[in-house]
Amino acid sequence: MNNLLKGINLYLVAMPGAGKTTVGRLLAKQLGYGFIDTDEVIVKAVGQPISQMFAEQGEAEFRLLESKVLAQICAIQKLVVATGGGIILRRENWSYLHHGLVVWLDAAVDILYSRLVEDTTRPLLQDPDPKAKLRSLLEQRQPLYAQADLRITITEGETPEEISTRVLEAIPSVLKKPDSLPNGC
Ligand SMILES: Nc1ncnc2c1ncn2[C@@H]1O[C@H](COP(=O)(O)OP(=O)(O)OP(=O)(O)O)[C@@H](O)[C@H]1O
Ligand SMILES: O=C(O)C1=C[C@@H](O)[C@@H](O)[C@H](O)C1
Ligand SMILES: [Mg+2]
């Protein structure tokens, strides 16, 4: 698989709670790739949790920083990248994402909600009705996530290992032709 991928990065896109970080770590291990989580890079660089960044600098500042981080990551090869849930929102991010293979972990709202209900670290879900918020975010974002090269529909009860195996099995069917592989950012 590593040979087939020829070092191109895998970018995982999905709603919060879909398992980008969890599945991404497993995929990196199985591919012999490095692993990067854009949210973690930003938190380390700024020295603040994302919720504090949203509160003090606003979402727009966070999105600018997210794009800068993505641009830098894109220059590195052999990475599985777990992206922030909203990375699909800015058009310029897609020019970076499409340098690699983009995988959408598509999980239904009920699955997302059951995983995030106890979590207070995701600012966009600090809402009186987090389930309705998830539903409306997914509705708005679905056409953007759908621009991914590969859509993996997550089923209830599926383990991260099973999902990671399914991603690996599906990759050959969507690998870009050798003459369309990117030369860098
Ligand atoms: N297949 C799975 N089955 C059960 N629980 C899972 C599965 N995948 C992830 N989880 C759990 O769901 C929660 C969210 O997972 P994770 O942080 O990987 O999602 P994420 O897509 O990276 O979210 P975010 O966009 O907020 O960073 C975690 O507690 C994780 O342990
Ligand atoms: O879905 C989103 O817009 C977000 C998801 C998280 O990964 C973080 O990137 C941040 O909380 C925003
Ligand atoms: Mg994550």
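Keep in mind the model is a prediction, meaning the values are calculated, not measured.

J.: Describe the pairing of strand 3 (residues 79-82), and please don't skip the residues or the numbers.
T.: Where burial is concerned, the two faces of strand 3 agree: the one with Leu-79 and Val-81 and the one with Val-80 and Ala-82 are both buried. In this structure, strand 1 (residues 10-13) lies alongside strand 3, joined through 3 bridges in parallel fashion. If you follow Leu-10 over to strand 3, its bridge partner there is Val-80. By the bridge criterion, 4 bridges tie strand 2 (residues 34-37) to strand 3 in an arrangement that is parallel. Bridge pairing in strand 3 links Phe-35 to Val-80.

J.: Would you mind going over the UniProt feature "binding site: Mg(2+)" (unreviewed entry) in the chain in detail, with residue names and values included?
T.: Residues given the UniProt feature "binding site: Mg(2+)" (unreviewed entry) here are Thr-21. You can see Thr-21 is positioned in helix 2 (residues 20-31).

J.: An account of the site of ligand 1 is requested, with residue identities and associated values reported.
T.: Within the structure, ligand 1 sits among 16 residues, and Lys-20, Thr-21, Thr-22, Arg-122 and Glu-158 are positioned closest to it. Gly-19 has a polar backbone atom sitting 3.0 Å from an oxygen atom of ligand 1. One of the side-chain nitrogen or oxygen atoms of Thr-21 is found 2.8 Å away from an oxygen atom of ligand 1. In the complex, 71% of the free accessible area of ligand 1, which totals 630 Å², lies under the protein chains.

Definitions and cut-offs
Residues numbered from 1 in each chain as written. Chains lettered and ligands numbered in written order. Predicted model: local features only at pLDDT ≥ 70, side-chain atom pairs only at ≥ 80, totals over all residues. Heavy atoms only, no water. Buried < 20%, exposed > 50% of the residue type's maximum accessible area, 1.4 Å probe, protein only. Helix = DSSP H or I, 4+ residues; strand = E, 2+ residues; numbered from the N terminus. Pairing = 2+ DSSP bridges. UniProt positions renumbered as here; feature names shortened; annotations may be inferred. Near = heavy atom within 4 Å. Polar contact = N/O pair within 3.5 Å; in protein donor to acceptor, adjacent residues only side chain to side chain. Areas by Shrake-Rupley, 256 points an atom, 1.4 Å probe, with all protein chains shown as cover.

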